[in-house]
Amino acid sequence: MLPDLGHVAIVIGLAASVYAALAFAIGARRRDAVVVHSARRAVLVSFVLAGIAATIMVISLLTHDFSVLYVARNNATTTPPFFSVISLWAALEGSILFWTLLAVGWATLVLYRYRGMHPQLMSWVGATLAAINVFLFSVMTWPGNPFTRVTPIATEGPGPNALLQNHPFMGLHPPLLYLGYTGLAIPFAFGIAALITRRTDDAWLSIVRRWTIVPWIFLTAGIVAGAWWSYEVLGWGGYWAWDPVENAALLPWLTATAFIHSSMVAERRGGLRTWSVALVISTFVLTIFGTFLTRSGVVASVHSFTQSAIGPWYLAGILIALGASSALLVARLPDLRDRDTPTAVVSRESAFLFNNVLFLVITAVVILGTLLPLAVGIFGGGTIGVGAPWFNRVNVPLFVALLFLMGVGPALPWGGASLATLRDRFGPPLLVAAVAMLAAWALGMRELAPLATLGMALFSGGIMLDEVLRGTRARMRGRREAAPLAGWRLATRNRRRYGGYAVHAGILVMGIAIAVSATLSSDTSATLAPGESVTVGEYRVTYDRLVVEPLADDPRVIETRAEIRADGVAMATALRDYPNSETPIATPVVRTSLGDDLYVTLMAADPATGSVTLRVFVNPLVVWIWLGGGIVVFGAVFAIWPDRRRVGVARTAAAPAAVEPPRSLAEQESA
Amino acid sequence: MRLLRWLVVPLLVIPIGLLLFSGLGRDPSEIPSPLIGQPVPAFTLTTIDGTSVSSEDLRGRPLVVNFWASWCGPCVEEHAVLLEAQDRYGEAATIVGVLYNDTADGARGFLARYGDGGWATLTDPSGGTAIDFGVTGPPESFFVDATGIVRYKQYGPVTGAVIDAQLAPLMASR
Amino acid sequence: MRRLALPLAAGVLLALAGLALVALLRPSTASDAATLAAELRCPDCEGLSVGESPTRSAAEIRRQIDALLADGATADQVRQHFVDRYGEWILLSPRSPLPWLAPIALLALGVAGFWLWLRRAPTPPAPPAPVASGDAASRVADEAEALDA
C-alpha cells in the first residue's frame, strides 16, 4: 500500500514539475506575477512530494518490505537500521530518488530565496530548474521506478552491496557528492536564464558565483570523502585510481573551479561573459554526463550501478541540454559582446585565464582517457589500455603548472606588473623553492613529479604567506592592532581574498601530501604464523591469532579477523564474507598519525594452520590529504560567509570604475 | 559567417551522441580476445581425480575449454547447458572444465550437487593457464577447432544457442 | 647577487619544468618488476594494477614478470607477453602514441586560444552596463548588494 503511494507521489511530482516549467515560461513571457507565483508553489509541492517518496522508500527499507523490488534486491532482514537508511542511495533507482529530492530541494531553496527579485531572470531560472525536475521525475515514472513491486514476496533478501555496507562513510560521501552535483544545476539555470533575457550583468554574475561556490564546496567535500572512503575500505592502500566514477565527479569540479576564477576576471574587467556562460553550461552537462557514464554500463568501473534501461534517457538528457544550450548560446552571441580592454601578458587576469586553459585541458584529457577505450572498442576495433599511470603522467605536469599559477595569480596586480614588482614579490619564494628542491634531491627524492610539486607548492605557499604577513604588518603599524587581531581583521575585511588564500593553502597541503604519499610509501606482503612479525619502515607488526566469527550486528556476515599488534598497540584487520558477494571484502586497519599511516590488509587466511598473509603499507602524510581537504572547505565557507562589509566590495566591483587596475589589498593597506 | 556559427550545435551533439549511443549496447567487460585465430595455449594440468591432461591430448576433435568456479553464480545455470551439450555433442566434441581460483574439493561439491557430465575438470592452482587464455573472470569459454586453433571466445555463461552456433561449424569443417 | 637570484632561480625552475614535461609525457620505459606490475591491469579486478591487487591472478602475473625478467626478457617483451594473451587492454600505460600526443595537442590548442584572447583587437568600450532601463537599473544594483550581504 505505502509503496504505491510512493509512486503516486512521483507521478504527481512529475505533473507539478511540468506545470511549474510551463507556468514559469508563460509567466515570464506575459510578465504575470500570479502565474509565476503559482509555478513557484508547484516547485515547492514537487519538493514535498519527492520528500514523501523518499520517506516511503526509507520506511520500506527499514521495515524490510520485500514486496518492493528495490528493497528485495538491496536489503535483508538482518541489515542494521543505519545501513537500511543509507541503502536509499546504495543502488540505481534509490539513488535517482535521492538525487531528485536534493535537486528539487535546491530548486525550491533558490526560487524562494530570490522571490520578488529579478522577476524576468528568476522566472526563466525557475523554468529551467523545473524542466530538469521534469526529467528526473520522468525517469522515476518510467524506466527507473523505485517502487516497482514484485511477487511472490521473498522472505529474505541479499542485503545491500557488500562494499557499501562495510563502512559508515557511505552515509556521508554520496550525500555530499550529490548535493554538489545537483546544486550545479543552479548556475546552469542562471546561465540559461541570462541567455534568454539577454542579461549577464554584475548582479547576475554575483549570484551565479555564489551559487557555484555553494555546490562546489559540497562537491569538493564529496570528492575528498570519496577518496578517504576508498582508502579506508578498498584495502589496496591508495585513494584515487582514475576510475570512471571518480572522473565523473572530478570533471564538473574542474569546470566549476575554472568558472569561479574566470568570473573574478569577468567581474573586474567586464569581459568574458560568454565564456562564463559556456563554463556553467559545460559544468552542468558534465554532471549528467557523469551520471550517464556510471549508470548506463557504458564503461567498466568499480562502483558502476547495474545496467538498466535508464541509459538512453540520460543520453537524451545530455544531448537535449547540450543542443539546446549551445543553440541558445550561438543565438545570443551577438548580444553578448564583451566590454574589452587590452591585457598585459603578466597580469592577474591573464594568470586567471591561463588557469582556465589548464583546467579545461585537464577536463579534456580526463574525458579523453575515460572515453578512449569506448571509442577504440567501437570505431578502431581491438582494445587500448588507459589507466592510472597514463592519467598520472599526463595530468601531473598540468596540475603542477596550476600550483605555480595559484601562487602567482592572486599576487599579480590587475592590468599588468612591473619587473620590480615581480622581483620583489616572487624572488624570495622562488629562491626558497629552488633551495628546497635541491635539498629534497640531496635527501634522495629522485622523482621529478614530487620534486616539482614540492617546489611549486613552496613557491606558491611562500607568496601567499608573504602577502598575508605584509597585510597584517601594515594593519599592526597603521591601526596599532596586535598581530592575531590584525590578521583576523585583515581576513574578515576581505573574506573573498583571504578565504581564497585558505582554499589555495589547503590545495597546496593536499598537493604535497599526494606527491609524497604516492612516491615515498613502502609496503611488504608477508605470510605469518601466530607469534611471528614483519617489519616495515619503523613499524613492527606482530600477528597474534586468527578469529572467525559472525558480525555482532549482522550475523550473516562472517568475519575472518587477524588480531595483530603494531609497536605494542592491539588492532585487527579482517576479511568479511558477505552472503551476496563472491569475493570477501577487505576491512583494512589504518593507524593514522600526522607523519604516516600504518595500513594493514588481510590478504589471505588459512583457518587450518592459523597462518595469514598480511600486506603492510606505511604511507607517509596521507592524513594531510584529508586535512588539506578540510582547509579547502573551511576556506571556501569563510569566503562566502555573509558579511555586511562585503557590500562595499560588491559596489566597487559593480561600478565601471573598477576597470582601472586597483592595487591588491596589501598595497592599499601599506600605502 | 553568422550561419557557420550554428554548425557548433551539430558538431557538438552528433559525435557525442553517436559515441555514447553506440556504447549503450556494449558490455565494457567484453574484451576482444587476441587468441582468436591463434593456436590454443599449451597446458598440462591435473584433473580433480588426479590424472594428467595436456592440450596435445585434446587435439583432433572440436574442443570447448570452459573456465568456471564453484563460487561463481552464473556457472550454475551454465552447467546445465554444458550437461545438455555433452549429451548432444559428446560423441563429436570434447568439453574440458578448468577451475578458476577454486579447489578440487569445491569442484567436487559443485558436481555432486548439480550433476557430473563426466568430462575432465582440470585444476589450475597457480592460475597460470587462466592467464595464458587471457581469462578475466569465470565463466569464460573458448571454442577450439580440431586442428587446435581458437575460433571463438564466450564471455559469461554459454547458452544453448551459442553452443549450436559455434560448435556446429567446427564439427562440419572436420 | 640579489639581482642574479631571480633570473637564476627562474631559469632553474623553467629547466626543471621542461625536463618534467619531457620525462612525463611519453610512454614508460621502466624495466623493473615493480614498475611493470604497476603498469599492467589486474585482470580480475576493476581499475587496479597487478602491483596493487591481492588476487591470485595478480600474484601469478607478478611471478611471471619476475620469471621473464630473470630469463633475460626486456620490459617490452614482458609487456608483449601479456598483450598476446589479453590484448592492449592489459596495459594501463598505453603503447600507442595517440594518447600521449593528444594532451600535448590539447594544451597547444589551449595556449593558442589564450594567445588569441591576449592579442584580440580591443573593441570600443560598450556603454556602461546597460542592464535595465531607468530606475530599474538602480534597483538591480541595490538587489545585488542585498544578495551579497
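Residues numbered from 1 in each chain as written. Chains lettered and ligands numbered in written order. Predicted model: local features only at pLDDT ≥ 70, side-chain atom pairs only at ≥ 80, totals over all residues.

As for the sheet that holds strand β6 (residues 585–587) of chain A
Residue and element names in this part refer to chain A.
Next, step 1: What the five strands build is an open sheet, ordered β2-β3-β4-β5-β6; its pairing is antiparallel. Two strands close off the open sheet at either side, each with one partner strand: β2 (533–536) and β6. Neighbouring strand axes in the sheet, compared pairwise and without regard to direction, differ in orientation by 25 degrees on average.
Next, step 2: Across nine bridges, the pairing between strand β4 (residues 558–566) and strand β5 (residues 569–577) is antiparallel. Looking at the pairing, Glu559 lines up with Arg576 of β5. (Pairing = 2+ DSSP bridges. Helix = DSSP H or I, 4+ residues; strand = E, 2+ residues; numbered from the N terminus. Axes fitted to C-alpha atoms, helices over the stretch in contact; angles between N-to-C directions.)

Remarks on the environment of Gly317(A)
Residues and elements named next belong to chain A.
Next, step 1: Along the polypeptide, Gly317 turns up in helix α12 (residues 310–332).
Next, step 2: As a C-alpha pair, Gly317 and Ile288 span 29 residues in sequence and 7.5 Å in three-dimensional space.
Next, step 3: The contacts of Gly317, once residues within four sequence positions are left out, are Phe135 and Ile288. (Contact = placed C-beta atoms within 7 Å.)

Topic: the packing of helix α5 (residues 92–113) of chain A against helix α7 (residues 173–183) of chain A
All names here are of chain A.
Next, step 1: Contact pair α5 / α7: the axes reach a minimum separation of 9 Å and the direction vectors enclose 50 degrees. Considered as vectors, α5 and α7 are oriented oblique to each other. With respect to the hand of their crossing, α5 and α7 are arranged in right-handed fashion. On the side of α5, the interface is formed by Phe98, Trp99, Leu102, Ala103 and Trp106, while α7 contributes Tyr178, Leu179, Thr182 and Gly183.
Next, step 2: When the residues that make up the contact of α5 with α7 are grouped by side-chain class, the tally is seven nonpolar, two polar and no charged. (Parallel < 35°, antiparallel > 145°, perpendicular 65-115°, else oblique. Left-handed = near helix turned anticlockwise from the far one by under 90°. Nonpolar A, V, L, I, M, F, W, Y, C, P; charged D, E, K, R; others polar.)

Some words on the interface of chain B and chain A
Next, step 1: In this complex, chain B contributes 21 residues to the contact, which on the side of chain A involves 23 residues.
Next, step 2: The element that contributes the greatest number of residues to the side of chain B that touches chain A is helix α2 (residues 8–24) of chain B, accounting for twelve residues.
Next, step 3: In terms of residue class, the side of chain B that touches chain A is made up of 15 nonpolar, four polar and two charged.

Notes on the sheet that holds strand β1 (residues 44–47) of chain B
Residue and element names in this part refer to chain B.
Next, step 1: Pairing in this open sheet of seven strands is mixed, and the strands run β2-β1-β5-β4-β3-β6-β7 from one edge to the other. Each edge of the open sheet is held by one strand with a lone partner, namely β2 (52–54) and β7 (150–155). Between one strand axis and the next, the sheet turns through 30 degrees on average, direction left out of account.
Next, step 2: As judged from the three bridges shared by β1 and β2, these two strands associate in the antiparallel manner.

A word on helix α19 (residues 622–640) of chain A
All names here are of chain A.
Next, step 1: When the terminal C-alpha atoms of α19 are compared, their 28 Å separation across 19 residues agrees well with the 27 Å that a helix rising 1.5 Å per residue should span.
Next, step 2: When we look at burial in α19, the residues that qualify are Val622, Trp624, Ile625, Gly628, Gly629, Val632, Val633, Gly635, Ala636 and Ala639.
Next, step 3: Check the buried side of α19 and you find it contacts α9 (202–233), α18 (495–520), β8 (596–606) and β9 (611–620). (Expected span 1.5 Å × (residues − 1). Buried ≥ 20, exposed ≤ 12 C-beta atoms within 10 Å, placed from the backbone.)

Digging into the confidence of the model for chain C
All names here are of chain C.
Next, step 1: Per-chain confidence: chain C averages 75 in pLDDT, with 60% of residues scoring 70 or above.
Next, step 2: Of all secondary-structure elements in chain C, the lowest mean pLDDT belongs to helix α6 (residues 135–148), at 42, while helix α4 (residues 75–86) reaches the highest, 95.
Next, step 3: The ipTM assigned to the predicted complex is 0.92, against a pTM of 0.91. (pLDDT = per-residue confidence, 0-100.)

A look at the pairing of β8(A)
Residues and elements named next belong to chain A.
Next, step 1: The element β8 is extensively covered by neighbouring structure, given that nine of its eleven residues are classed as buried.
Next, step 2: Judged from the four bridges that link them, strand β7 (residues 589–592) and β8 form a sheet pairing that is antiparallel. Bridging across to β8, Arg591 finds its partner in Leu598.
Next, step 3: In sequence, β7 turns back onto β8 through a hairpin of three residues.
Next, step 4: Sheet analysis places β8 next to β9, joined by ten bridges and oriented antiparallel. The residue of β9 that forms the bridge with Tyr599 is Phe617.
Next, step 5: Between the antiparallel neighbours β8 and β9 lie four residues, among them Gly610 with a positive phi of about 80 degrees.

Remarks on the environment of Leu102(A)
All names here are of chain A.
Next, step 1: Looking at the element boundaries, Leu102 is found in helix α5.
Next, step 2: In this structure the C-alpha to C-alpha distance between Leu102 and Ser276, which are 174 residues apart in sequence, comes to 25 Å.
Next, step 3: Not counting residues within four places of it along the chain, the set of residues in contact with Leu102 comprises Tyr178, Leu179 and Thr182.

Quick notes on the confidence of the model for chain A
Next, step 1: Residues with a pLDDT of 70 or more make up 94% of chain A, whose mean pLDDT is 90.
Next, step 2: This model gives residues 646–671 of chain A a pLDDT under 50, and the stretch forms 44 contacts once residues within four places in sequence are excluded.

Topic: the pairing of strand β6 (residues 140–144) of chain B
Across a regular strand the side chains alternate sides, sitting on one face of the sheet and then on the other.
All names here are of chain B.
Next, step 1: For β6, a buried count of five out of five residues is recorded, marking the element as mostly surrounded by other parts of the structure.
Next, step 2: Of the two faces of β6, the one holding Glu140, Phe142 and Val144 and the one holding Ser141 and Phe143 are both buried throughout.
Next, step 3: Note that strand β3 (residues 63–68) and β6 share five bridges and pair antiparallel. By the bridge assignment, Phe67 is partnered in β6 with Glu140.
Next, step 4: Strand direction decides the pairing type here: β6 and β7, joined by five bridges, are antiparallel. In the strand pairing of β7, Ser141 is matched with Gln154.
Next, step 5: Joining the antiparallel neighbours β6 and β7 is a turn of five residues, in which Gly148 adopts a positive phi near 90 degrees.

So, the nonpolar core
Residues and elements named next belong to chain A.
Next, step 1: Counting 271 residues, the largest nonpolar core has Phe24, Ala185, Phe190 and Ala513 as its most contacted members.
Next, step 2: Per-element accounting of this core gives the leading share, 20 residues, to α9.
Next, step 3: Filtering out sequence-adjacent residues up to four positions away, Ala185 remains in contact with Ala103, Trp106, Leu129, Ile132 and Phe284. (Core = buried A, V, L, I, M, F, W, Y, C linked by C-beta atoms within 7 Å.)

Regarding unusual backbone geometry
Next, step 1: Residue Pro152(A) is bonded to the preceding Thr151(A) through a cis peptide linkage, with omega at -5 degrees.
Next, step 2: For Pro152(A), the location among the structural elements is in the loop between α6 (119–141) and α7.
Next, step 3: Cis geometry is adopted by the peptide bond preceding Pro139(B), which originates at Pro138(B) and carries an omega value of -5 degrees.
Next, step 4: Unusually for a residue other than glycine, Leu621(A) sits at a positive phi of about 65 degrees.
Next, step 5: Locating Leu621(A) in the fold gives a position in the loop between β9 and α19.
Next, step 6: Note on Leu621(A): 22 C-beta atoms within 10 Å, which makes it buried.
Next, step 7: Even without being glycine, Asn101(B) reaches a positive phi, approximately 55 degrees.

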